[in-house]
Amino acid sequence: MKKRTMETSLAGHSPGLVRSIERRLFLKQGLSLGALALLSGCDPTDDEGVQSLLKGMSRWNDRAQGWLFNPNKLAPEYPESAITKPFPFNAFYSEEEVTLVDGKDYKLELEGLIREKKPWTLPELYGLPQTSQITRHICVEGWSAIGKWSGVRFSDFLARVGADTSAKYIGFTCADDYYTSIDMATALHPQTLLTFRFADQVLPPKYGFPMKLRIPTKLGFKNPKHIMSMFVSNEFPGGYWEDQGYNWFSGS
Amino acid sequence: MKPLEIAALATFLAAGAGASAADAPGKPMKMDEPMHGEMKKESMKKGDVKKAAKKKEREMKPMIEKEAAGSTKK
């Protein structure tokens, strides 16, 4: 018996019909592949090629968000009566495992494209002009809470240390090993604060003592706590959650 | 100080100490335990962050230093 291949069975039909059938076959085969992957417990997204493609799309998404970012648009601010009490604690560890940083010995380290790399002690940082904001912290997990943070405008700090603000990125490393990075436009946004106080008190350990970067235009995981060092660079630094596939820009 | 005041002070101090010990931060992180929060994948452990941070530092530090050295030469 003659074996019927796709070519022989479709011979003589119009090219439009052939294309239509090929599309249907492609979809069916795609669905079969998906079902097979589910049955076998195999995650197609574990494949290196798929990962690379998804990362490329995510970086393109970051660039699009960067273009759309309006550096003059302010996040909403709220009255004291709107503050969420108690403000939620959130981290990849429990509250009792919060890292304790010794404020007496603390020095903020500066690296990369920064002219004055002298480390900063807490009294020096507390001595800078301070401002306060009551803004909404929005978590990627789906909850939000309003809090009051006080500190120095990050743009003022960057100007004071002679950071190259034409560079693309600022990276942060934290006492709890967490790390992340942000774009320069967001760093220079007027509401981006290097904060030392929460609810008019010295930043408690669970909220990031001695220092938290507060960015009301970005999701919570882009707001590093317990900051120990920062660097300015044109090399893409990524971040812990961002390297796991979360969107790097994650802002408005 | 009257006995009643001493007792009240003792009760206050004991209650305060108890409350702070219950949720006091600073305990060593249990690195082999699963991560907290909703962002993680099921298999992620708390210690994964430290490992990733060290790897990232190894990758980034030479590039940042080279970049900074290049900018000072200009």
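Each chain carries its own residue numbering, running from 1 in the written order of its sequence. Note on labels: chains are lettered from A, ligands numbered from 1, in written order. The predicted origin of the model limits local features to residues at a pLDDT of at least 70 and limits the giving and counting of side-chain atom pairs to 80 or more, whereas totals for whole chains, interfaces and linings rest on all residues. Heavy atoms throughout the structure, all of them, feed into the side-chain values; hydrogens and water do not.

## Remarks on the overall build of chain B
What counts, and what does not: Only DSSP runs of H or I reaching four residues or more are called helices, and only runs of E reaching two or more are called strands; each is numbered from the N terminus. Using a 1.4 Å probe on the protein chains alone, a residue whose accessible area is under 20% of its type maximum counts as buried, one over 50% counts as exposed, and one in between counts as partly exposed.
A tally of helices and strands in chain B yields two helices and zero strands. A buried classification covers 19% of the 74 residues belonging to chain B.

## Observations concerning the confidence of the model for chain A
Residue and element names in this part refer to chain A. Heads up, the condition is: Per residue, pLDDT measures the predictor's confidence, with a range of 0 to 100. Note on contacts: a residue pair qualifies if any of its non-hydrogen atoms lie within 4.5 Å across the two residues.
Across chain A, pLDDT averages 87, with 82% of residues at or above 70. Taken together, the stretch residues 1–14 has pLDDT below 50 and engages in seven contacts with residues farther than four places along the chain or on a different chain. This model gives residues 17–42 a pLDDT under 50, and the stretch forms seven contacts once residues within four places in sequence are excluded.

## Quick notes on the confidence of the model for chain B
For chain B, the mean per-residue pLDDT works out to 79, and 66% of the residues sit at or above 70. Note on residues 7–20 of chain B: pLDDT is under 50 here. Beyond four places in sequence and across chains, it has one contact.

## A closer look at the sheet that holds strand β1 (residues 107–112) of chain A
All names here are of chain A. The following threshold applies: Two strands pair if DSSP finds at least two bridges between them.
An order of β2-β1-β10-β5-β6 is seen for the five strands of this open sheet, with the pairing classed as mixed. In the strand order of this sheet, the two ends are held by β2 (120–121) and β6 (179–183), each with one partner. Where strand β5 (residues 169–174) lies against strand β10 (residues 227–233), six bridges are found, and the strand directions are antiparallel. Paired with T173 across the bridge in β10 is S229.

## Brief notes about the environment of M29 of chain B
Take M29 of chain B: it is sitting in the loop between α1 (3–22) and α2 (47–73). Considered as a pair, M29 of chain B and K46 of chain B are 17 residues apart in the sequence and their alpha carbons are 7.7 Å apart. Among all residues touching M29 of chain B, those that are not within four sequence positions of it are F92, Y93, E97 and D176 of chain A together with K46 of chain B.

## Structural notes on the side chain of D177 of chain A
Its location among the elements puts D177 of chain A in the loop between β5 and β6. Apart from the residues within four sequence positions on either side, D177 of chain A is in contact with M31, V49, K50 and A53 of chain B.

## Some details on the nonpolar core
Within soluble globular proteins, side chains that are nonpolar tend to cluster in buried spots. What counts is decided by this rule: Residues grouped as a nonpolar core are buried Ala, Val, Leu, Ile, Met, Phe, Trp, Tyr and Cys residues, joined through side-chain atoms within 4.5 Å.
By size, the foremost hydrophobic cluster in this structure holds 31 residues, and its most contacted members are L108, L125, F154, F157, I170 and L194 of chain A. Looking at this core, the elements with two or more residues in it are β1, α4 (122–126), α5 (154–161), β5, α6 (184–187), β7 (193–198) and β10 of chain A. With four residues, the top contributor of residues to this core is α5 of chain A. Counting residues in hydrophobic clusters, the runner-up holds 17 residues, among them Y93 and F221 of chain A together with M39 and A53 of chain B.

## Looking at the packing of aromatic side chains
Residue and element names in this part refer to chain A. Put simply, the test is: Each pair of aromatic rings taken from Phe, Tyr and Trp, with Trp reduced to its six-membered ring, is defined by centres within 6.5 Å and is described as stacked if the planes are under 30 degrees apart, edge-to-face if over 60, and tilted in the remaining cases. Our definition puts a charge over a ring when NZ of Lys or CZ of Arg is within 6 Å of the ring centre and also within 35 degrees of the ring normal.
Evaluation of the coordinates by the stated rule reveals 19 aromatic pairs over all chains. Considering the side-chain rings of W120 and F157, the 5.2 Å spacing of their centres and the 65° angle between planes classify their relative orientation as edge-to-face. One end of the pair, W120, is in strand β2; the other, F157, is in helix α5, and 37 residues separate them in sequence. F157 gets classed as buried once you look at its relative accessible area, which sits at 1%. Where Y169 meets W248, the ring centres are 5.5 Å apart and the plane angle is 85°; that geometry is what we call edge-to-face. Here the residue Y169 occupies a position in strand β5, and W248 occupies one in the segment after α7 (240–243), the gap between them amounting to 79 residues. Per residue, the accessibility class of Y169 equals that of W248, and both read buried. In this structure an aromatic cluster arises from ring pairing among F69, Y169, F236, W248 and F249. Just above the ring of W248 sits the side chain of R59; from NZ or CZ to the centre is 5.5 Å. The aromatic ring of F249 is capped on one face by K218, whose charged end is 3.5 Å from the ring centroid.

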